[in-house]
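Residue-level listing of the chains:
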Amino acid sequence: MGNWVVNHWFSALVIVIWLGLNIFLFVTFFLTFDRDEKYHYTRRLLWCCRRTMRKQLDHNLTFHKLVAYMIVLHTAIHIIAHLCNFEWYNDAQQATDNSLASVLSELHQDDGLWLNPINSNTTTPLHVAFTTIPGLTGVIITLALILMVTSSVEFIRRSYFEVFWYTHHLFVIYFAGLVIHGIAGAVRGQTADSLKEHNPKECAPYYTEWDKESSPHNCKEPEFGSIPAESWKWVLAPLILYAFERVLRFWRSCQEVAVTKVVKHPSKVLELQMRMKGFSMEVGQYVFLNCPSISHWEWHPFTLTSAPEEEDFSVHIRAAGDWTESLIDAFEQQTPKIPRIKVDGPFGTASEDVFRYEVAMLVGAGIGVTPFASVLKSIWYKLQHADQKLKTKKIYFYWICRETGSFGWFKNLLASLEQEMESSGRAGFLSYHLFLTGWSSSMVGHAALNVDKATDVVTGLRQKTSFGRPMWSNEFSAVAAAHPKSVVGVFLCGPGPLAKSLQRCCHQHSSLDPRKVQFYFNKENF
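Since we're looking at a predicted model, the values are computed, not measured.

What counts, and at which threshold
- Residues numbered from 1 in each chain as written.
- Predicted model: local features only at pLDDT ≥ 70, side-chain atom pairs only at ≥ 80, totals over all residues.
- Heavy atoms only, no water.
- Buried < 20%, exposed > 50% of the residue type's maximum accessible area, 1.4 Å probe, protein only.
- Helix = DSSP H or I, 4+ residues; strand = E, 2+ residues; numbered from the N terminus.
- Pairing = 2+ DSSP bridges.
- Axes fitted to C-alpha atoms, helices over the stretch in contact; angles between N-to-C directions.
- Parallel < 35°, antiparallel > 145°, perpendicular 65-115°, else oblique.
- Left-handed = near helix turned anticlockwise from the far one by under 90°.
- Contact = heavy atoms within 4.5 Å.
- Nonpolar A, V, L, I, M, F, W, Y, C, P; charged D, E, K, R; others polar.
- Patch = residues over 30% accessible without salt bridge, like charges linked within 9 Å, V, L, I, M, F, W, Y side chains within 5 Å.
- Areas by Shrake-Rupley, 256 points an atom, 1.4 Å probe, with all protein chains shown as cover.
- Salt bridge = Lys/Arg side-chain N within 4 Å of Asp/Glu carboxyl O.
- Lys, Arg positive; Asp, Glu negative; His and termini not counted.
- Charge placed at Lys NZ, Arg CZ, Asp CG, Glu CD.
- Disulfide = S-S within 2.5 Å.
- Core = buried A, V, L, I, M, F, W, Y, C linked by side-chain atoms within 4.5 Å.

Draft legend 1. Molecular detail of the pairing of strand β13 (residues 487-493). Across the seven residues that make up β13, a large majority, six, are buried. Looking at chain direction, strand β9 (residues 359-365) and β13 are connected through six bridges and run parallel. Among the inter-strand pairings, Val 363 is bridged to a residue of β13, identified as Leu 492. Sheet topology note: the β13/strand β14 (residues 518-523) ladder contains six bridges and is parallel. From the neighbouring strand, Leu 492 faces β14, where its bridge partner is Lys 523.

Draft legend 2. The packing of helix α18 (residues 472-482) against helix α19 (residues 496-509), seen in detail. Packing of α18 against α19 brings their axes to within 10 Å, and their N-to-C directions diverge by 40°. Considering their axes alone, α18 and α19 lie oblique with respect to each other. Pair α18 / α19 crosses with right-handed handedness. Two secondary-structure elements touch here, α18 through Trp 472, Ser 473, Phe 476 and Ser 477 and α19 through Leu 498, Leu 502, Cys 505, Cys 506 and His 509. Looking at the contact of α18 with α19 residue by residue, the classes come out as six nonpolar, three polar and no charged.

Draft legend 3. Quick peek at the side chain of His 181. Structurally, His 181 is set in helix α10 (residues 171-181). Dropping the residues within four chain positions of it, His 181 is found in contact with His 78, Pro 134, Thr 137 and Gly 138.

Draft legend 4. Just a negative patch on the surface, in detail. Together, Asp 110, Asp 111, Asp 193, Glu 197, Asp 211, Glu 221 and Glu 223 make up a negatively charged patch on the protein surface. By secondary structure assignment, the location of Glu 221 is in the loop between α12 (200-203) and β2 (224-226). Looking at Glu 221, the relative accessible area reads 30%, which means it is partly exposed.

Draft legend 5. Quick look at the state of the cysteines. What the rule picks out here adds up to one disulfide. Here Cys 203 connects covalently by a disulfide to Cys 219, the sulfurs 2.0 Å from one another. Residues Cys 203 and Cys 219 are joined by a disulfide whose S-S torsion is about -80°; by sign, that bridge is left-handed. Of this pair, Cys 203 sits in helix α12 while Cys 219 sits in the loop between α12 and β2, and the two are 16 residues apart along the sequence. The burial state of Cys 203 is the same as that of Cys 219; both residues are buried.

Draft legend 6. Focus on the nonpolar core. If you look at the biggest cluster of nonpolar residues, it comprises 32 residues, and the most contacted ones within it are Leu 362, Leu 376, Ile 379, Phe 397, Trp 399, Leu 414 and Leu 430. Elements represented by at least two residues in this core include exactly β9, α15 (370-384), β10 (394-401), α16 (411-423), β11 (430-436) and β13. Beyond its immediate sequence surroundings of up to four residues, Leu 414 is in contact with Leu 376, Phe 397, Trp 399, Tyr 432, Leu 434 and Leu 461.

Draft legend 7. Examining the pattern of salt bridges more closely. For the structure on display, the rule yields eight salt bridges. Among the ionic pairs, Lys 233 bridges to Glu 230, the shortest N-O distance being 3.9 Å. In this structure Glu 230 comes out as partly exposed when scored by relative accessible area, which is 43%. For Arg 515, the salt bridge goes to Asp 513, with nearest N and O atoms at 3.2 Å.

Draft legend 8. The arrangement of the sheet that holds strand β6 (residues 300-303) in detail. The three strands are arranged β6-β5-β8 in an open sheet whose pairing can be described as antiparallel. Of all strands in the sheet, those with a lone pairing partner are β6 and β8 (342-347), marking the two edges. Between one strand axis and the next, the sheet turns through 30° on average, direction left out of account. Sheet topology places strand β5 (residues 286-290) next to β6; four bridges connect them, and they run antiparallel. Note that in β6 the partner of Val 287 across the bridge is Phe 302. Lying on the sheet, helix α13 (residues 231-253) is in contact with β5 and β8; it crosses β8 at an angle near 120°.

Here's what the structure looks like:
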């Protein structure tokens, strides 16, 4: 474009949009790519800040998606704006009405000081798209963006994670193309020297008399040059930070990891206990695992189920796709050599704040119990050592499973907690509730016949299993009545519909009086 565009208002709009796109690209690189690492360190930096500020970090995935939507929107506007400009340039090239647009189009076609890149009636936008650097890089980065966006929908992420994982790394091509996109100088403006002899506002009305002695204000013919590419300025600093971060994570993932124990649980769940030099964690954190014998490039997140007080760290892996099934099969094979595992992390989550609340409600659905296994194990150690710094006075734990075999994952842990709390005189510290959603009438009848037994017929624990789903409104009402002046942290690792129900209950049962009971909702995001 330049100072002489037929529609000045559209030119200004495009400039504003372009600046907005650059800002969003910077924010995207700095805060959303490798969001796990930045989320982890930012959470540590804000450990002393207010709860509401720290909670905003738990929306990092939502922010990541929002920035992606804005990039798509600005890219669409950018493409449409260029198509409109080329149409106007083409009209100006073919115009014979001696208008301002046609005069500007004919200037300096032979000396490189031209404004209109279309110097032939046969030049088309398609020709420009595939024969020029801006056009070709624009097509490439647009295709890369389309592939990244379409492969990021939930169905693809859940069912074909490998497709999502590999196509998402096209962002390297996207930003490389973005840096190269403007180097050919397709966007042009009036040169600084020309502006001294030709003021656009004063000279535009007299365009038929330029370079003539009779020209008012002594207006010379305007000269135009390429506007230097500046996109690299917006991505250089984030690129350096990103490269440093990738080197750090690569070095960390190369540390030797020893698999100390492998445990096979019901419902095709595998527990890996590992040890790595210098590994330090907090409750509820997660790590990325890679198995080179399956894939050198795939890294998958798994919540740590061990406690910070333990020497080894552990994860529970449920078969939920090709990669996890291959990993479980690899460890189930009776071979003398255990598959090599790489670990990157740990990374922070909302569950780190559990012990910041006087009262905590932990809700896990199926394998979503894993972050709370870490919390419960840590509680067991704190009770054993009579930790006086423990701020939490009461924990309510809800575990919802579809099948009875799932309870076997952490049944022993709950049994140990029951014994430890009773022996330490804090039997009321933990109140846990187990819910079975996949049940039959015969199972319910059997449980009813044995209702007077000291232990549950399903789990063997003292706490009896409930059949069906929790009545969350009743549960929140009971907690609010038991703790009328407490701040209650509600933590969930489970599906979206359950998150909406719990969030709604938090709003409904929080008192308008800030001195009375307040519920704060926290959800794990991967």
